[in-house]
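# A look at the structure
Now for the letters of each chain:
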Amino acid sequence: MDLLLALRLVVARYGEMDLARWWNTTGQLGNLGAAVLRRGFPHSYRFAQARSVLAVAAHRCEEVFNPPGCVTLWRLPPSVEEEFDARWEHWLDNASGLNPLFQRLENLGDSGTDLASILRALDLVTDRDLEQYPRLRRSAEGRAVALPGVFSGSEEEVRLLALGFARGERGAPAVPYARGADA
């Protein structure tokens, strides 16, 4: 679940209007969002930032591409989503452990780097994932990136769901997806 949170946060931050321009939040996971929310939520502001941007990113991706019977980084099988939601309590109780990641997210606007490089620099994808990246292609209409096979829930597949977002273009997200087991 920690990997899933980190992947979602990095993709969510990268997609904000001050970077890739994929969804309508501007630096909310950056320095500006931290400064604004820290005043009202001194102990949990980072998670307030995260919740809002994750919700906006998930909603925008469903608008762009919402395949029936498929999973995306924002819509995994119900058992995974339930476990992810249950983990928030742990993350809140151990917030200091996530501070380094949040601090890196705040400074992403300064990097000028592509998403694949950011994910690798944060050790969120492996060299093997990056070897598979060239095989991830945008669909003909440019709105989606299909992963091969049926989603089994492996960490590799989750990493590829995040890495596939690197196929998006500025202002035009491409939503990575995999067929669900029930599809």
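Preceding this paragraph is the structure being described.
Calculation notes
- Residues numbered from 1 in each chain as written.
- Predicted model: local features only at pLDDT ≥ 70, side-chain atom pairs only at ≥ 80, totals over all residues.
- Heavy atoms only, no water.
- Pairing = 2+ DSSP bridges.
- Helix = DSSP H or I, 4+ residues; strand = E, 2+ residues; numbered from the N terminus.
- Expected span 1.5 Å × (residues − 1).
- Bend = angle between axes of the 7 residues up to and from the residue.
- Buried < 20%, exposed > 50% of the residue type's maximum accessible area, 1.4 Å probe, protein only.
- Contact = heavy atoms within 4.5 Å.
- Salt bridge = Lys/Arg side-chain N within 4 Å of Asp/Glu carboxyl O.
- Phe/Tyr/Trp six-rings, centres within 6.5 Å; stacked < 30°, edge-to-face > 60°.
- Lys NZ or Arg CZ within 6 Å of the ring centre and 35° of its normal.
- Polar contact = N/O pair within 3.5 Å; in protein donor to acceptor, adjacent residues only side chain to side chain.

The strand order β1-β3-β2 describes an open sheet built from three strands, whose pairing is mixed. Only two strands of the sheet have a single neighbouring strand rather than two, namely β1 (70-71) and β2 (144-150). The pairing of β1 with strand β3 (residues 175-179) spans two bridges and is antiparallel. What sits directly across from C70, in β3, is R179.

A few words now on helix α4 (residues 78-93). When the terminal C-alpha atoms of α4 are compared, their 24 Å separation across 16 residues agrees well with the 22 Å that a helix rising 1.5 Å per residue should span. When the local axis directions of α4 are compared, the greatest deviation, roughly 30°, occurs at R87. Restricting attention to buried positions, one finds in α4 the residues E81, F84, W88 and W91. The elements touched by buried residues of α4 are α1 (2-14) and α3 (45-64).

Taken as a whole and assessed by the stated rule, the structure comprises twelve salt bridges. In this structure, D2 and R87 form a salt bridge, with 3.3 Å as the shortest nitrogen-oxygen distance. Of this pair, D2 sits in helix α1 while R87 sits in helix α4, placing them 85 residues apart in sequence. A relative accessible area of 41% means that D2 is categorised as partly exposed. Close ionic contact of R159 with D129 constitutes a salt bridge, the shortest N to O distance being 2.4 Å. With R159 in helix α8 (residues 155-163) and D129 in helix α7 (residues 127-132), this pair connects stretches of sequence that are 30 residues apart. Taking relative accessible area as the criterion, R159 reaches 13% and is therefore assigned buried. Among the ionic contacts, a cluster of salt bridges with common partners joins R13, E16 and D18.

Turning next to the packing of aromatic side chains. The final tally for this structure, using the stated rule, is twelve aromatic pairs. An angle of 85° between the planes, with centres 6.1 Å apart, marks the rings of F84 and W88 as edge-to-face. A residue pair is termed a helical-turn pair when its members lie 3 or 4 positions apart in one helix, as F84 and W88 do in helix α4 at four residues. Across this residue pair, the class does not change: F84 and W88 are buried. Three or more aromatic residues joined by ring pairs make a cluster, and in this case those are Y14, W22, W23, W74 and F165. Lying over the aromatic face of Y133, R167 brings its terminal NZ or CZ to 3.9 Å of the ring centre.

For E169, the location among the structural elements is in the loop between α8 and β3. Separated by 147 residues in sequence, E169 and W22 have C-alpha atoms that sit 8.6 Å apart. Beyond its immediate sequence surroundings of up to four residues, E169 is in contact with A20, W22 and R138.

Below, the discussion takes up the side chain of R159. In this structure the side chain of R159 is engaged in a polar contact, spanning 2.4 Å, whose partner is the side chain of D129. What R159 contacts, discounting residues up to four positions off in sequence, is L3, L7, L124, V125, T126 and D129.

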